[in-house]
Amino acid sequence: QRSRMREVERLLSAPPLVSSGSGGGGGGSVPSSPTQLVRIPSSRSRYAVNPMSVIGERVVIAMVGLPARGKSYTSRAIEHYFTFLGCPVKLFNAGSRRRDQGLAGAASSFFDPSNSDAKQQRDQLAMETLDDLLAWLEAPHACDETWSGCACGIFDATNTTVARRRAVIERCARAEGLRA
């Protein structure tokens, strides 16, 4: 195991390695086997520019699905992936807003579709959450005030009704810098 660790440390401290293809062309420095590696000392300059700063899109991902079906789990996975890519991303959860406003442990009647008062309250919480998402997309991001690259907001709510999805699309269409 120690020899493995030494090998990893050696590889990490060495200049970058690029695998050569088995394509033709006779160059003295190109190995004939695709498994041989070629050292390219100037290859680090390729990584000096983050490709996410070139793409200037603002994206809203609206999750849709019944409660307890994996929307939040999937949202967090998407958030981790975009973070890995270097794109600013933030998760906006309507359920968290509801719990923060003191409606944690609400009775089942709160989620009853025939309860019009509760439906109006749920829709208002969802739209407030979406407004926060859109405001975050329009603001400069904490990583860099001059950031002009991509940004992604994930709207994590049930959005199961056609009317709610239509309202989300319309609200996003009215926001500056977004396309519906």
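Residues numbered from 1 in each chain as written. Predicted model: local features only at pLDDT ≥ 70, side-chain atom pairs only at ≥ 80, totals over all residues. Heavy atoms only, no water.

A. Examining the nonpolar core more closely. The biggest cluster of nonpolar side chains holds 15 residues, and the ones touching the most others in it are Leu130, Leu133, Leu134, Phe155 and Val168. Among the elements that line this core, the one with the most residues is helix 4 (residues 116-138), at 7 residues. Contact partners of valine 168, with chain neighbours within four places excluded, come to Ala62, Met127, Leu130, Phe155 and Asn159. (Core = buried A, V, L, I, M, F, W, Y, C linked by side-chain atoms within 4.5 Å. Buried < 20%, exposed > 50% of the residue type's maximum accessible area, 1.4 Å probe, protein only. Helix = DSSP H or I, 4+ residues; strand = E, 2+ residues; numbered from the N terminus. Contact = heavy atoms within 4.5 Å.)

B. Summary view of the state of the cysteines. For the structure shown, the criterion picks out 1 disulfide. Disulfide pairing is shown between cysteine 87 and cysteine 150; the S-S distance is 2.4 Å. Of this pair, cysteine 87 sits in the loop between helix 2 (71-85) and strand 4 (89-93) while cysteine 150 sits in the loop between helix 4 and strand 5 (151-156); the two residues are 63 residues apart in sequence, bridging distant segments of the chain. Taking the relative accessible area as the measure of exposure, cysteine 150 reaches 6% and is therefore buried. (Disulfide = S-S within 2.5 Å.)

C. Highlighting the confidence of the model for the chain. When the pLDDT values of the chain are averaged, the result is 74; 62% of them are 70 or greater. Predicted confidence is poor over residues 16-48, with pLDDT under 50, and the contacts of this stretch with residues over four places away or in other chains come to 29 contacts. (pLDDT = per-residue confidence, 0-100.)

D. Main features of the environment of methionine 63. Checked against the element boundaries, methionine 63 lands in the loop between strand 3 (58-62) and helix 2. Distance in space between the C-alpha atoms of methionine 63 and isoleucine 154 is 7.5 Å, their sequence separation being 91 residues. In contact with methionine 63, not counting residues within four places along its chain, are Lys71, Thr74, Ser75, Ile154, Phe155, Asp156, Ala157, Thr158 and Asn159.

E. Looking closely at the pattern of salt bridges. In the structure shown here, the tally under the stated rule is 5 salt bridges. The salt bridge partner of aspartate 132 is arginine 97, with a shortest N-O separation of 1.9 Å. Within this pair, whereas aspartate 132 is found in helix 4, its partner arginine 97 is found in helix 3 (residues 94-103), the two being separated by 35 residues in sequence. With a relative accessible area of 36%, aspartate 132 lands in the partly exposed category. For the salt bridge of aspartate 131 with arginine 171, the shortest nitrogen-to-oxygen distance reads 2.8 Å. (Salt bridge = Lys/Arg side-chain N within 4 Å of Asp/Glu carboxyl O.)

F. The layout of surface pockets, seen in detail. Its boundaries defined by the atoms lining it, the largest pocket holds a volume of some 700 Å³. Taken together, 26 residues make up the lining of the largest pocket; nearest its centre are Pro67, Phe111, Arg122, Ala157 and Thr158. For the lining of the largest pocket, the secondary-structure elements that each account for two or more residues are helix 2, helix 3 and helix 4. Partitioned by chemical class, the residues of the lining of the largest pocket number 9 nonpolar, 8 polar and 9 charged. (1 Å grid on protein atoms, 1.4 Å probe; cavity = no way out; pocket = protein on both sides within 12 Å on 5 of 7 lines; lining within 4 Å. Points joined across faces, edges and corners; volume = space filled by probe spheres on them. Nonpolar A, V, L, I, M, F, W, Y, C, P; charged D, E, K, R; others polar.)

G. Geometry of the packing of aromatic side chains. All told, the structure shown has 2 aromatic pairs when counted by the stated rule. Arranged with centres 6.4 Å apart and planes meeting at 85°, the rings of tyrosine 81 and phenylalanine 82 form a pair that is edge-to-face. Note on tyrosine 81: relative accessible area 48%, which makes it partly exposed. What makes phenylalanine 82 partly exposed here is its relative accessible area of 22%. (Phe/Tyr/Trp six-rings, centres within 6.5 Å; stacked < 30°, edge-to-face > 60°.)

H. Fine view of the packing of helix 4 against helix 5 (residues 162-174). Direction vectors running N to C along helix 4 and helix 5 enclose 30°, while the axes themselves pass 11 Å from each other. In terms of axis orientation, helix 4 runs roughly parallel to helix 5. Classified by chirality, the crossing of helix 5 by helix 4 is right-handed. Along its contact with helix 4, which presents Arg122, Asp123, Ala126, Met127, Leu130, Asp131 and Leu134, the element helix 5 presents Arg164, Ala167, Val168, Arg171 and Cys172. Taken together, the residues that form the contact of helix 4 with helix 5 break down as 7 nonpolar, no polar and 5 charged. (Axes fitted to C-alpha atoms, helices over the stretch in contact; angles between N-to-C directions. Parallel < 35°, antiparallel > 145°, perpendicular 65-115°, else oblique. Left-handed = near helix turned anticlockwise from the far one by under 90°.)

I. Highlighting the packing of helix 3 against helix 4. Taken N-terminus to C-terminus, the directions of helix 3 and helix 4 make an angle of 115°; their axes are 9 Å apart at the nearest point. Handedness of the crossing formed by helix 3 with helix 4: right-handed. Residues Ala94, Arg97, Arg98, Gln101 and Leu103 of helix 3 form the contact with helix 4, whose own contacting residues are Gln121, Leu125, Ala126, Glu128, Thr129 and Asp132. For the contact of helix 3 with helix 4, the residue count by class is 4 nonpolar, 3 polar and 4 charged.

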